[in-house]
Amino acid sequence: MMLLRCMGVMLAVGWLIAGSGLVLANPAEDTVHVWFKALNSRPFDEVRVADLLSDELDDHNNEDLFLSDKAIQIYIQQEYAKGAPNAHINLLMVDALKDGRVLAHWRFSGKHTAEMFEIPATNKPFDITGMTIFRVAEGKITEVWQVMEFERLLEQLGVLDG
């Protein structure tokens, strides 16, 4: 009987939370949402972006021996913001995994109106998708694995032949 009462209370609390619009959030997932919100903000806020990255960030796509992964990640995001200031990242899916990892599937679209990664402005639109796995600890992004349609981006900008 006590078990049934406890289950009833838990169910009632669940309904109250659902009815109030509150969502029991995953802190790692919240950090990823804040990350993408920061990337979409204009003017680009380097301090806000840097604050979300751990000083010991491990970007598994980065093989640079001279710069920290955090410095490279900030540089990459600055270049996108500079070269396509009206671009936007739409989150298609964000799903908390285990061990503080979060999977994000996203679409990045905009128009290349200024130099970006030493590529002069082409004034061409682009639209690519990608997926990123983040590991988050204590509100900081500590690891990143990413795949994206970078070759497709270069083709759309006219830099590579399609």
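Okay, so let's go over this structure. (Residues numbered from 1 in each chain as written. Predicted model: local features only at pLDDT ≥ 70, side-chain atom pairs only at ≥ 80, totals over all residues. Heavy atoms only, no water.)

**Describing the side chain of threonine 129**
This is how it is decided: The helix and strand labels rest on DSSP assignments: H or I over at least four residues marks a helix, E over at least two residues marks a strand, and numbering proceeds from the N terminus. Three labels apply to residues, based on accessible area from a 1.4 Å probe with only protein chains included: buried if under 20% of the type maximum, exposed if over 50%, partly exposed otherwise in between. Between two residues, a contact is recorded if the distance between any of their heavy atoms is within 4.5 Å.
Along the chain, threonine 129 turns up in strand 4 (residues 125–137). Given a relative accessible area of 18%, threonine 129 falls into the buried group. Here threonine 129 is in contact with His105, Trp106, Arg107, Met148 and Glu149, once residues within four sequence places are set aside.

**Here's the deal with the packing of aromatic side chains**
For clarity, the threshold we go by: We call Phe, Tyr and Trp rings a pair once their centres come within 6.5 Å, taking the six-membered ring for Trp, and we label the pair stacked below 30 degrees between planes, edge-to-face above 60, and tilted otherwise.
As enumerated under the stated definition, the model contains five aromatic pairs in all. Pairing tyrosine 80 with phenylalanine 117 gives two aromatic rings, centres 5.1 Å apart and planes at 80°, and the pair type is edge-to-face. Note that tyrosine 80 is positioned in helix 4 (residues 69–83) and phenylalanine 117 in the loop between strand 3 (101–111) and strand 4, a separation of 37 residues in sequence. Exposure remark for tyrosine 80: the relative accessible area of 11% places this residue in the buried category. Centroid distance phenylalanine 108 to phenylalanine 126: 5.0 Å. Interplanar angle 55°. Geometry classified as tilted. Of this pair, phenylalanine 108 sits in strand 3 while phenylalanine 126 sits in strand 4, and the two are 18 residues apart along the sequence. Accessibility assignment for this pair places phenylalanine 108 and phenylalanine 126 in one class, buried.

**Digging into helix 2 (residues 27–40)**
Stated precisely, the cut-off is as follows: One fewer than the residue count of a helix, multiplied by 1.5 Å, yields its expected span. Any pair of nitrogen or oxygen atoms within 3.5 Å is treated as a polar contact; in protein, a donor-acceptor pairing is required on top of that, and neighbouring residues in sequence qualify only through side-chain atoms on both sides.
For helix 2, spanning 14 residues, the distance from its first C-alpha to its last is 20 Å, which sits close to the expected 20 Å at 1.5 Å a residue. The N-cap residue of helix 2 is asparagine 26: its side-chain oxygen and the backbone nitrogen of alanine 28 are 2.8 Å apart.

**What to know about the pattern of salt bridges**
The test is simple: Criterion for a salt bridge: a side-chain nitrogen of Lys or Arg within 4 Å of a carboxyl oxygen of Asp or Glu.
Taken as a whole and judged by the stated rule, the model has seven salt bridges. Arginine 107 is the partner of aspartate 127 in a salt bridge, and the nearest nitrogen-oxygen pair spans 2.8 Å. Of this pair, aspartate 127 sits in strand 4 while arginine 107 sits in strand 3, and the two are 20 residues apart along the sequence. We classify aspartate 127 as partly exposed; its relative accessible area is 29%. In this structure, glutamate 149 and arginine 152 form a salt bridge, with 3.2 Å as the shortest nitrogen-oxygen distance.

**Focus: the environment of lysine 124**
Of note, lysine 124 is situated in the loop between strand 3 and strand 4. In sequence terms lysine 124 and threonine 113 are eleven residues apart; their C-alpha atoms lie 7.6 Å from each other. Discounting chain neighbours no more than four positions away, the residues touching lysine 124 are Gly110, Lys111, His112, Gln156, Leu157 and Gly158.

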